[in-house]
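One-letter residues, chain by chain:
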Amino acid sequence: MKGNTRTRTAIAGAVSAITILALAACGGGDTDAGGDSGGSGGSSGDTIRVGFSQLGAESGWRTANTESVKASLTEDAGFDLTFVDAQQKQENQIKALRDFVAQDVDVIAFSPVIETGWDEVLQEIKDSGIPVVLVDRTVDTTVDDPYVTWIGADFKQEGTTAGEWVKENAPDAKIFELQGTLGSGAQVDREAGFGEVVGDQIIGKASGNFTRAEGKTAVEAALQAYPDMTMIFTHNDDMGLGAIEAIEAAGKVPGKDIQIVSVDGVRDGLQALVDKKFNYVVECNPVFGDQLADLIKKVADGEDVPKETIVIDKAFDQTITQADVDARAY
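If you're wondering where the values come from, they're calculated on a predicted model, not measured in any experiment.

Conventions adopted
Residues numbered from 1 in each chain as written. Predicted model: local features only at pLDDT ≥ 70, side-chain atom pairs only at ≥ 80, totals over all residues. Heavy atoms only, no water. Helix = DSSP H or I, 4+ residues; strand = E, 2+ residues; numbered from the N terminus. Buried < 20%, exposed > 50% of the residue type's maximum accessible area, 1.4 Å probe, protein only. Areas by Shrake-Rupley, 256 points an atom, 1.4 Å probe, with all protein chains shown as cover. Axes fitted to C-alpha atoms, helices over the stretch in contact; angles between N-to-C directions. Left-handed = near helix turned anticlockwise from the far one by under 90°. Contact = heavy atoms within 4.5 Å. Nonpolar A, V, L, I, M, F, W, Y, C, P; charged D, E, K, R; others polar. Salt bridge = Lys/Arg side-chain N within 4 Å of Asp/Glu carboxyl O. Phe/Tyr/Trp six-rings, centres within 6.5 Å; stacked < 30°, edge-to-face > 60°. Lys NZ or Arg CZ within 6 Å of the ring centre and 35° of its normal. Pairing = 2+ DSSP bridges. Expected span 1.5 Å × (residues − 1). Core = buried A, V, L, I, M, F, W, Y, C linked by side-chain atoms within 4.5 Å. Right-handed = clockwise from strand over helix to strand, strands pointing away.

## Considerations on the overall build of the protein
Tallying secondary structure elements over the protein gives 11 helices and 13 strands in all. Looking at the 330 residues of the protein, the share that counts as buried comes to 54%. In the form shown here, the protein has an accessible surface area of approximately 13000 Å², with 47% of it arising from carbon and sulfur atoms.

Structure below.
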């Protein structure tokens, strides 16, 4: 679309000068580290060439997010999408970003695996004049104005909401915190928000890397290390589902002997809530591909966009019904 670097540099400069909105600042698709193109393989007319690097397919949430992105950034909608699954490896993601620069795409979008380690590649992208849209997760970088806009959930508020439920409903709980990928925005902020409310009730922490298998392994170890544990706060549903397996294998009743408070709100997680194996779930809505598409169009056209767009989340307790779960889009 906006084919030359000079034009794109002007666009990026114009957009970076927008007024930042006062908003607070979520953790499938292709299973290899290669890319696939959602368009005809070249830019023509008003088609926007987008390079999107998804961090992986580690959970039901990520799968739903990928599906939403692909369903919105279609050729019919005016996009030529090159999608790359980084398989939760930062080196794969950095390579994909450099490939997007070499392909001279109009806009680069990505969900960073972790927050740090992006300085060099972000500077290269900035020097190329290609605008960046961050999706779901954030970065911690020394590069000035490394991205035009970010869209995702308020991770810290998710942790705070979970902590407030615990404070009101289980003020004496002895909590094991099942963390996501260490260093990721979701892990850092959910830990911070939850800890500010009920940090004195946390007796141990370990990472399950946002996966069901590693969540199960972490809880198996925690059951041995913290026999007085009465609650698990898990940073996503998949790890919580792994925790259920570990708790049941130990002869305990999830949701009763050991309560589980989770973040995500995917169908399997809410089913566990209906089944009384989860006690509370804070939603992290993955279905915002349409909002992302709208942002990318505005960025490509040089329009002003908010620096941050917060995806609205809900929260659910055990009053949720089977009909609610069956109607879930993800």
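## Concerning the packing of helix α5 (residues 155–169) against helix α6 (residues 185–198)
To characterise two packed helices, one gives the angle between the axes of the helices and the distance between these axes. The interhelical angle for the contact between α5 and α6, taken along N-to-C directions, is 35°, at an axis separation of 7 Å. For the pair α5 and α6, the sense of crossing is right-handed. Facing α5, whose interface residues are Phe155, Lys156, Glu158, Gly159, Thr160, Ala162, Gly163, Glu164, Val166 and Lys167, α6 presents Gly185, Ala186, Asp189, Arg190, Gly193, Phe194, Glu196, Val197 and Val198. A breakdown of the residues in the contact of α5 with α6 according to their chemical character gives seven nonpolar, five polar and seven charged.

## Things to note about the pattern of salt bridges
Evaluation of the coordinates by the stated rule reveals 15 salt bridges. A salt bridge links lysine 205 to glutamate 191; the shortest N-O distance between them is 2.8 Å. On the criterion of sequence distance, the pair formed by lysine 205 in strand β8 (residues 202–207) and glutamate 191 in helix α6 is long-range, its members being 14 residues apart. The exposure class assigned to lysine 205 is partly exposed, which follows from its relative accessible area of 41%. With a relative accessible area of 22%, glutamate 191 lands in the partly exposed category. Between lysine 277 and glutamate 248 there is a salt bridge whose closest N-O contact spans 3.1 Å. Within this pair, whereas lysine 277 is found in the loop between α9 (267–274) and β11 (280–283), its partner glutamate 248 is found in helix α8 (residues 237–249), the two being separated by 29 residues in sequence. Owing to a relative accessible area of 38%, glutamate 248 belongs among the partly exposed residues under this scheme. A single network of salt bridges, built from pairs that share partners, joins Glu58, Arg62, Asp136 and Arg137.

## A few points about the packing of aromatic side chains
Inspection of the entire model under this criterion finds five aromatic pairs. Where tryptophan 165 meets tyrosine 280, the ring centres are 5.0 Å apart and the plane angle is 10°; that geometry is what we call stacked. Of the two residues, tryptophan 165 is situated in helix α5 and tyrosine 280 in strand β11; the sequence distance between them amounts to 115 residues. Side by side, tryptophan 165 and tyrosine 280 carry an identical accessibility label, which is buried. Just above the ring of phenylalanine 83 sits the side chain of lysine 70; from NZ or CZ to the centre is 4.4 Å. Geometry around tyrosine 147 places lysine 307 over its ring, the cationic atom sitting 4.7 Å from the centre.

## A closer look at the sheet that holds strand β9 (residues 231–234)
Strand order across the open sheet formed by six strands is β8-β7-β9-β10-β11-β13, with mixed pairing between neighbours. Edge positions in the sheet fall to β8 and β13 (315–317), since each of these pairs with one other strand and no more. Across the sheet, the mean angle separating the axes of adjacent strands is 15° when strand polarity is ignored. In the packing of α5 onto the sheet, contacts are made with β7 (175–179), β9, β10 (259–264), β11 and β13, and the angle to β11 comes to roughly 160°. In the packing of α9 onto the sheet, contacts are made with β11 and β13, and the angle to β11 comes to roughly 155°.

## Description of α8
In a regular helix each residue adds 1.5 Å, so 13 residues correspond to 18 Å; α8 covers 18 Å between its end C-alpha atoms and thus fits that length. Most of α8 sits out of view: 10 of its 13 residues are buried. Within α8, the full set of buried residues consists of Asp237, Asp238, Met239, Gly240, Leu241, Gly242, Ala243, Ile244, Ala246 and Ile247. Following α8 by one or two positions, glycine 251 adopts a phi angle in the positive range, close to 85°.

## Observations concerning the nonpolar core
Ranked by size, the top nonpolar core spans 72 residues in total, and within it Leu73, Ile175, Val219, Ile232, Leu292 and Ile296 carry the most contacts. Not counting the four nearest positions on each side in its chain, isoleucine 296 is found in contact with Ile48, Val50, Leu73, Phe79, Val107, Ala109 and Val133. In this structure, Leu122, Ile125, Val139 and Trp150 belong to the second largest nonpolar core, which totals 19 residues.

## Here we look at the pairing of β11
Of the two faces of β11, both are covered, the one formed by Tyr280 and Val282 as well as the one formed by Val281 and Glu283. Strand direction decides the pairing type here: β10 and β11, joined by four bridges, are parallel. Following the sheet pairing, valine 261 is matched in β11 by tyrosine 280. Between the parallel pair β10 and β11, the chain is carried across by α9, and the sense of this crossover is right-handed. Bridging between β11 and β13 involves three bridges; their strand directions are antiparallel. Bridge assignment links valine 282 to a residue of β13, and that residue is alanine 315.

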